[in-house]
Amino acid sequence: MAVDAAYMQMALEEARAAERGGEVPVGCVITIEDRVLARAANRTIADCDPTAHAEMVALRAAAAAIGNHRLLGATLYVTIEPCAMCSGAILQARVARLVYGADDPKGGAVRSCFAVFDHPRVNHRVEIKAGVCADEAAALLQTFFAARR
């Protein structure tokens, strides 16, 4: 879907901004009905907050934008497979759809390390689409970490 790629490009812009700020390059965009509610980048270092992943920052901003902690009908675009914390928050927010770029073999909680959304006792189902702009997202992360080794 071309719309998914366009929103993922916005998320990649956020990831590049995070990288310029010395953060791990992850970006996120949240939409409802083709309206962007929030755009965010990782801010863990800037905020001195281990929970300030791009998804968490965007979820907070999107909820504030609509005045509701439930993001019914929302699509969350993120450049890398969400971790367990972010996956839990996506479920709590009742996000309808998750679109992500690259898999995260070291911490992904969609399918790589865990399958949080597939647990039979989870009370909300999220439609998941993986691999959108995956090569670009993975390259951004690989370049970032290679420069630090």
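About the cut-offs
Residues numbered from 1 in each chain as written. Predicted model: local features only at pLDDT ≥ 70, side-chain atom pairs only at ≥ 80, totals over all residues. Heavy atoms only, no water. Buried < 20%, exposed > 50% of the residue type's maximum accessible area, 1.4 Å probe, protein only. Helix = DSSP H or I, 4+ residues; strand = E, 2+ residues; numbered from the N terminus. Salt bridge = Lys/Arg side-chain N within 4 Å of Asp/Glu carboxyl O. Pairing = 2+ DSSP bridges. Axes fitted to C-alpha atoms, helices over the stretch in contact; angles between N-to-C directions. Contact = heavy atoms within 4.5 Å. 1 Å grid on protein atoms, 1.4 Å probe; cavity = no way out; pocket = protein on both sides within 12 Å on 5 of 7 lines; lining within 4 Å. Points joined across faces, edges and corners; volume = space filled by probe spheres on them. Core = buried A, V, L, I, M, F, W, Y, C linked by side-chain atoms within 4.5 Å.

Draft legend 1. Expanded view of unusual backbone geometry. Its identity is not glycine, yet E33 carries a phi of approximately 50°, on the positive side. Taking relative accessible area as the criterion, E33 reaches 76% and is therefore assigned exposed. Even without a glycine there, the phi angle at C133 is positive, about 55°. Positionally, C133 belongs in the loop between β5 (127-130) and α5 (134-146). Judged by relative accessible area, which is 21%, C133 ranks as partly exposed.

Draft legend 2. Inspection of the pattern of salt bridges at higher detail. Applying the stated rule across the entire model yields eight salt bridges. Between D4 and R97 there is a salt bridge; the shortest N-O distance is 2.6 Å. With D4 in helix α1 (residues 2-20) and R97 in strand β4 (residues 97-102), the pair connects residues that are 93 residues apart, well separated along the chain. As far as the burial class goes, D4 and R97 line up, both buried. Note that R16 is salt-bridged to E136, the shortest N-O span being 2.5 Å. Taken together, the residues span a long stretch of sequence, with R16 in helix α1 and E136 in helix α5 at a distance of 120 residues. Residue classification places E136 among the partly exposed positions, given a relative accessible area of 33%. Put simply, D4, R97, E127 and K129 are held in one network by salt bridges that share partners.

Draft legend 3. Expanded view of the sheet that holds β5. Pairing is mixed across the open sheet formed by five strands, whose spatial order is β2-β1-β3-β4-β5. Each edge of the open sheet carries a strand with a single partner, namely β2 (35-41) and β5. When strand polarity is set aside, the average angle formed by the axes of neighbouring strands in this sheet is 15°. Strands in contact with α5 are β3 (74-80) and β4; relative to β4, the strand with the most contacts, it is inclined by about 60°.

Draft legend 4. The arrangement of the layout of surface pockets in detail. Approximately 470 Å³ is the volume attributed to the largest pocket. Along the walls of the largest pocket sit 21 residues, with V24, I80, D104, L141 and F145 positioned nearest its centre. With four residues, α5 is the single largest residue contributor to the lining of the largest pocket.

Draft legend 5. Just the nonpolar core, in detail. By size, the foremost hydrophobic cluster in this structure holds 31 residues, and its most contacted members are I30, L59, L71, L76, I90 and L98. Secondary structure elements with two or more residues in this core: β1 (27-32), β2, α3 (54-66), β3, α4 (84-92) and β4. If one sorts the elements of this core by residue count, α3 sits on top with six residues. Those residues within four positions of L59 in sequence are excluded, and the remaining contacts are I30, L71, L76, A89, I90, A93 and V95. With twelve residues, the next largest nonpolar core counts Y7, A11, V29 and A102 among its residues.

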